[in-house]
Amino acid sequence: MSMHDTRFPQIALPALLRIVGLIGATLGLSGVALATLVYAAGHDFSIFNTYLSDIGNTPKWPMVLFNTMMLMAAPVRYAFLVLLVLSFAAMGGGRVMSTALLVIGVPVVLGSAGMSAFPASSDLALHEGSAMLYFFGTVVLQTLIGVQEIRLRLPWPLAITSLSVVVIYLVFAVLLSMVGKAGVTRSTPVIWEWAAFVSLMVWLIVHSAILGRR
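Owing to the predicted nature of the structure, the values given are computational and were not obtained by experimental measurement. Every chain begins its residue count from 1, and numbering advances along the sequence as written. Confidence filtering applies because this is a predicted model: local features only for residues at pLDDT of at least 70, side-chain atom pairs given and counted only at 80 or more, and all residues used for totals across whole chains, interfaces and linings. With hydrogens and water excluded, all non-hydrogen atoms of the structure serve as input to the side-chain values.

Asks: In this structure, what is going on with the overall build of the protein? I would like to understand it.
Replies: Summing up its helical and strand segments, the protein has 7 helices and 0 strands in all. A run of H or I in DSSP counts as a helix once it spans at least four residues, and a run of E counts as a strand once it spans at least two, with each numbered from the N terminus. In the protein, the succession of α and β elements from N to C terminus is α-α-α-α-α-α-α. What the globule rule says is 2.2 Å times the number of residues to the power 0.38, and the radius of gyration is computed from C-alpha atoms. Radius of gyration (C-alpha) of the protein: 18 Å, near the 17 Å computed for a compact globule of 214 residues. Principal axes of the C-alpha set define a box for the protein whose edges measure 60 × 40 × 25 Å. Type-normalised accessible area, obtained with a 1.4 Å probe on protein chains alone, sets the label of each residue: buried when under 20%, exposed when over 50%, and partly exposed for intermediate values. Within the protein, buried positions represent 43% of all 214 residues. Two residues qualify as a contact provided that any one of their heavy atoms is within 4.5 Å of a heavy atom in the partner residue. Sequence-distant contacts in the protein: of pairs separated by 6 or more residues, those separated by 24 or more amount to 73%. What sets the accessible areas is the Shrake-Rupley method with a 1.4 Å probe; for residues, cover comes only from the shown protein chains. Counting only carbon and sulfur atoms, one obtains 72% of the accessible surface of the protein, whose full area is about 11000 Å².

Here it is in structure tokens:
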């Protein structure tokens, strides 16, 4: 059989990146939307007072919907990162940066999965540790992605959305670590968690759209 046998369909890297990215965004958005609607039906809800993790820690359907969708989304996002790194490599990205992105992406995904697998009511220490690993890890990861996009002179929306995620995640992570100190109340970081989620979904969609057609 020839190495170039065309009997099996071949999916180009940009198209695959677009498909995986949109799957990840769909899982994230639908999971949060459905879980929030179910939560709001039986509880007081506000993006200024209700953490996403509060929804994931509410028994029965809010917990099931939120945590299941987030656990499904975690490996999809890492698959997207792999495709993103391959895209950077194809455009001239260096091996060291590619390796760094893939290595840093592992604890980020583990932190994301840990937050969903261990709600605060089941294991507070693991939940909070996973949250810090995820949020601070995302700051480092997205910074490197933004730097790579600037170095490769890719379309400006890519680096802007990458660095926007960095700023929002960093603000949230710092405020979360300061709850109970210096006048930072439990509700202070809440709006920033929602902003962090939205910024990541925007980043995922923008990258899927732009790199998915290159």
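Asks: I'm lost on empty space enclosed by the protein in this one. Help?
Replies: Leftover empty space is mapped by rolling, across the atoms, a probe with the size of a water molecule. Cavities and pockets were defined on a 1 Å grid built from protein atoms only: a cavity is a group of points that admits a 1.4 Å probe but offers it no way out, a pocket is an open group of points flanked by protein on both sides within 12 Å along at least five of seven lines, and a lining residue is one with an atom within 4 Å of any such point. Grid points are joined across faces, edges and corners, and a volume is the space filled by probe spheres set on the points. All chains considered together, the criterion is met by 1 cavity of 30 Å³ or more. Reported here for the largest cavity is a volume of approximately 230 Å³. The wall of the largest cavity is formed by 17 residues, among which Arg77, Val108, Leu141, Gln142 and Leu200 lie closest to the centre. Of all the elements in the fold, those that place two or more residues in the lining of the largest cavity are helix H3 (61-90), helix H4 (95-117), helix H5 (124-151) and helix H7 (190-211). Of the residues contributing to the lining of the largest cavity, the split by class is 12 nonpolar, 4 polar and 1 charged. Three categories are distinguished: nonpolar for Ala, Val, Leu, Ile, Met, Phe, Trp, Tyr, Cys and Pro, charged for Asp, Glu, Lys and Arg, and polar for the others, with Gly belonging to the last.

Asks: Looking at this model, I keep getting lost on the packing of H3 against H5. Mind explaining?
Replies: Helix-helix packing is characterised by the crossing angle of the two axes and by the distance between the axes. Helix axes are fitted only over the stretch in contact, all axes being lines through C-alpha atoms; the angle between N-to-C directions runs from 0 to 180 degrees. Interhelical geometry of H3 versus H5 gives an angle of 20 degrees and a closest axis separation of 12 Å. In terms of orientation, H3 and H5 fall into the roughly parallel class. Every pair of crossing elements has a handedness; the one defined by H3 and H5 is left-handed. Contacts between H3 and H5 involve Arg77, Leu81, Leu84 and Phe88 from the first element and Tyr134, Leu141, Ile145, Gln148 and Glu149 from the second. Partitioned by chemical class, the residues of the contact of H3 with H5 number 6 nonpolar, 1 polar and 2 charged. Should an angle fall under 35 degrees it is called roughly parallel, over 145 degrees roughly antiparallel, and 65 to 115 degrees roughly perpendicular, with every other angle called oblique. For any pair of crossing helices, the crossing counts as left-handed if the nearer helix is rotated counterclockwise from the farther one by less than a right angle, and right-handed if it is rotated clockwise.

Asks: Honestly, the environment of Met132 in this entry has me stumped. Any pointers?
Replies: Counting through the fold element by element, Met132 comes out in helix H5. You can call Met132 partly exposed: its relative accessible area is 28%. Sequence-wise, Met132 and Ser112 are 20 residues apart; in three dimensions their C-alpha atoms are separated by 9.6 Å. When residues no more than four places from it in sequence are discounted, the contact partners of Met132 are Gly137, Ala173, Leu176 and Ser177.

Asks: Sorry, what's going on with the packing of aromatic side chains here?
Replies: For any pair of aromatic rings, the description consists of the separation of the ring centres together with the inter-plane angle of the planes. Only Phe, Tyr and Trp rings are paired, with Trp represented by its six-membered ring, and only when their centres lie within 6.5 Å; those with planes under 30 degrees apart are stacked, over 60 edge-to-face, the remainder tilted. Counting across every chain of the model gives 7 aromatic pairs. Arranged with centres 6.4 Å apart and planes meeting at 75 degrees, the rings of Tyr39 and Phe45 form a pair that is edge-to-face. Exposure remark for Tyr39: the relative accessible area of 9% places this residue in the buried category. A relative accessible area of 31% means that Phe45 is categorised as partly exposed. Seen in terms of ring centroids, Tyr134 and Phe135 are 4.9 Å apart; in terms of plane orientation they differ by 70 degrees. Their pairing is edge-to-face. Judged by relative accessible area, which is 7%, Tyr134 ranks as buried. Using a relative accessible area of 6% as the deciding quantity, one classes Phe135 as buried. Ring pairing ties together the aromatic residues Tyr134, Phe135, Tyr169 and Phe172, which thus form one cluster.

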